[in-house]
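# An overview of the molecular structure
Listed below, chain by chain, are the residues.
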Amino acid sequence: MTDHYQLLGVDAGDLTGPLAKVVAEEVEKYAAVFKAVGSYSKLARKNVELLGIDCYVDEEAVFHASPSGLLAKETLAKQLVESAERAINVKGWPIVRRDGKLIFTMYQPAIPSAPAMKVLAARVHHQRTGHPRASTSTLQITGKCQADCKHCSAARHMYKGRPDLPTEVWKNILRQIEDLGVVNIVFTGGEPLLRPDIFELVSWVRKDESNAMMFTNGLLLDDEHVKRLVDAGLFSVNVSIDSADPAAHDAMRKVPNCFDKAIAGLQRAKDAGLVVGISTYATPEGLHNGDVNRMIQLAVDVGAHELTIFDVVPTGRLLQEHAANLLSDADKDELMKIEEEWNVQRNLPHIITQAHVNGPKGAGCYAGWFQFYMTAYGDMMPCDFTPLTVGNATEEPVEALWNRLIAHPVYATNCNHCRMQDASFRAKYIDHIPEAGPFPYPICDLTTPEGREQAPASTK
């Protein structure tokens, strides 16, 4: 079965499609074509396709594509489609194959799909400008949570008595995020399922624009909630598990039977058709005593599609965590070796490590590069680990905040490691944050010597 997607069109004289913003600078080159097609589309009151893509996945899970539309024979159009075809076919193996579509990871849309076409447009934008578009946004839609984790990364920017943003405000933010180009919208908390309107918010995500994903502690993944999430169009769900030992996990979360409820919830979600994963983290001790391998086996036993292993990051309640408790470069190399040796077998779960993804062998740090985080009150941060903000979405448009973030000297270029694990970054931007905050702290107040002098040194 062949799928067709329009990448660029003209409707009533206006450019439409994922590539519309990308090719705005090409208007002069194709001015005559755009003018003629624009006039025709106005008169005919119809959308005219300039460039489309016809694609399908064969029995061997190989992606095939060809250009269509008025510009299909142009060299640039052919190169674009051929490049996309090559990029997809070197991704590796799909963790899910469903309805003629390939899912390589729970963090990216199925291929082919309309959101995947936005990813293609983002690649073109990156090639032309040197900086990618925002493609992932993590939204802390609530600070409420049943657990009291000693390693909570969001603890310092959750305020008792301060209300979470209301439904209509989040809806407006979601539309702005989609218009910015984001294809992966991640609902997190606190615990996102504690918001009564979570199903409405998931449903509000336009599925031809973006995927809706969730990080949860799993305690509320009962039959009713799972069904409502599926009906709302949730794409994938990550359940946070701290240890393969149930007693250790429960002690970390300070919730009795938390492990058993979380695992049962994950399995319900998988049985309902969601792409499911386990989210965990590696410590030096856990890497050396076999905890990481035990977590992989747990993911195998419960049938998770993916296992994400984060580094221990000095943030949240661990903001002043001693360097000795963090992964060394040697630890990260060992973790990446485990990942590589497992994934080459092409057995579920697919393993993703932050050590690889954010390191020199991966894409580098996502924060402020093609990802941002937003607190339950609308503060935009580079990521959920970095307690710095460029402003609030209730006061300024999301696009203005994003543009300010990527214009900052620290985030204007790619970084091949997690900045929050970088001593020089922390010395300049983190260690000067006052004990009382506020969290997240305005990054503009830490970018000049004068600003840093005004911020009392942390005594943590």
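Now for a description of the structure that goes with this document. Quick caveat: nothing in here was measured; it's all calculated off a predicted structure.

A few words now on the sheet that holds strand S2 (residues 14-16). Note: strands within a sheet are paired through backbone hydrogen bonds, in either parallel or antiparallel orientation. Strands sit in the order S2-S1-S3-S4 across an open sheet of four strands; the sheet is antiparallel. Among the strands making up the open sheet, the edge pair consists of S2 and strand S4 (63-68). Direction aside, the axes of adjacent strands within the sheet are offset by 15° on average. In this sheet, strand S3 (residues 47-57) lies alongside strand S1 (residues 3-11) in antiparallel orientation, the contact comprising eight bridges. When the sheet's bridge partners are listed, Gly 9 is paired in S3 with Glu 49.

With that out of the way, let us pick up the side chain of His 225. Summarising the element assignment, His 225 is placed in helix H6 (residues 223-232). Looking at His 225, the relative accessible area reads 16%, which means it is buried. Setting aside residues no more than four positions away along its own chain, His 225 makes contact with Phe 199 and Leu 220.

Residues of strand S14 (residues 371-374) alternate between two faces, with Gln 371 and Tyr 373 on one and Phe 372 and Met 374 on the opposite face, all of them buried. Strand direction decides the pairing type here: strand S7 (residues 136-140) and S14, joined by four bridges, are parallel. Directly across from Thr 138, in S14, lies its bridge partner Tyr 373. Bridge count between S14 and strand S15 (residues 379-381): two bridges; the pairing is antiparallel. Bridge pairing links Tyr 373 to Met 381 in S15. Hairpin connection from S14 to S15: four residues lie between these consecutive antiparallel strands, with Gly 378 at a positive phi of about 100°.

Quick look at the pattern of salt bridges now. Close approach of charged atoms allows side chains with opposite charge to pair. If you walk through the whole model with that rule in mind, you get 15 salt bridges. Across the pair Arg 268 and Asp 223 runs a salt bridge, and its minimum N-O distance is 3.4 Å. Residue Arg 268 is located in helix H8 (residues 258-271), and its partner Asp 223 is located in helix H6; the two are separated by 45 residues in the primary sequence. Given the relative accessible area of 57%, Asp 223 is considered exposed. The residue Arg 253 makes a salt bridge to Asp 242 at a minimum N-O spacing of 2.8 Å. Placement of the pair is Arg 253 in helix H7 (residues 246-253) and Asp 242 in the loop between strand S10 (236-240) and H7, with a sequence separation of eleven residues. An identical accessibility class is assigned to Arg 253 and Asp 242; each is buried. Linked by salt bridges that have partners in common, Arg 175, Glu 178, Asp 179 and Arg 206 make up one network.

Here the focus is the nonpolar core. If you look at the biggest cluster of nonpolar residues, it comprises 83 residues, and the most contacted ones within it are Phe 187, Ile 241, Ile 278, Phe 372, Met 374, Met 380 and Val 398. A total of six residues in this core trace back to one element, the largest contributor, which is helix H10 (residues 291-302). Among all residues touching Phe 187, those that are not within four sequence positions of it are Leu 139, Ile 141, Leu 174, Pro 192, Ile 198, Leu 201, Val 202, Val 205, Ala 212, Met 213, Met 214 and Phe 215. In this structure, Tyr 5, Leu 51, Val 57 and Phe 63 belong to the second largest nonpolar core, which totals 29 residues.

As a further point, take H10. For H10, with twelve residues, the first-to-last C-alpha span of 16 Å sits near the 16 Å given by 1.5 Å per residue. Of all the residues in H10, the buried ones are Val 292, Met 295, Ile 296, Leu 298, Ala 299 and Val 302. The buried residues of H10 all sit within an arc of 155° when viewed along its axis, so they share a single face. Along its buried surface, H10 packs onto H8, strand S11 (275-282), helix H9 (284-288), strand S12 (306-311), helix H11 (329-343) and strand S13 (350-353). Two residues or fewer after H10 comes Gly 303, characterised by a positive phi angle close to 80°.

Definitions and limits used
Residues numbered from 1 in each chain as written. Predicted model: local features only at pLDDT ≥ 70, side-chain atom pairs only at ≥ 80, totals over all residues. Heavy atoms only, no water. Pairing = 2+ DSSP bridges. Helix = DSSP H or I, 4+ residues; strand = E, 2+ residues; numbered from the N terminus. Axes fitted to C-alpha atoms, helices over the stretch in contact; angles between N-to-C directions. Buried < 20%, exposed > 50% of the residue type's maximum accessible area, 1.4 Å probe, protein only. Contact = heavy atoms within 4.5 Å. Salt bridge = Lys/Arg side-chain N within 4 Å of Asp/Glu carboxyl O. Core = buried A, V, L, I, M, F, W, Y, C linked by side-chain atoms within 4.5 Å. Expected span 1.5 Å × (residues − 1). Arc of directions from axis to C-beta.

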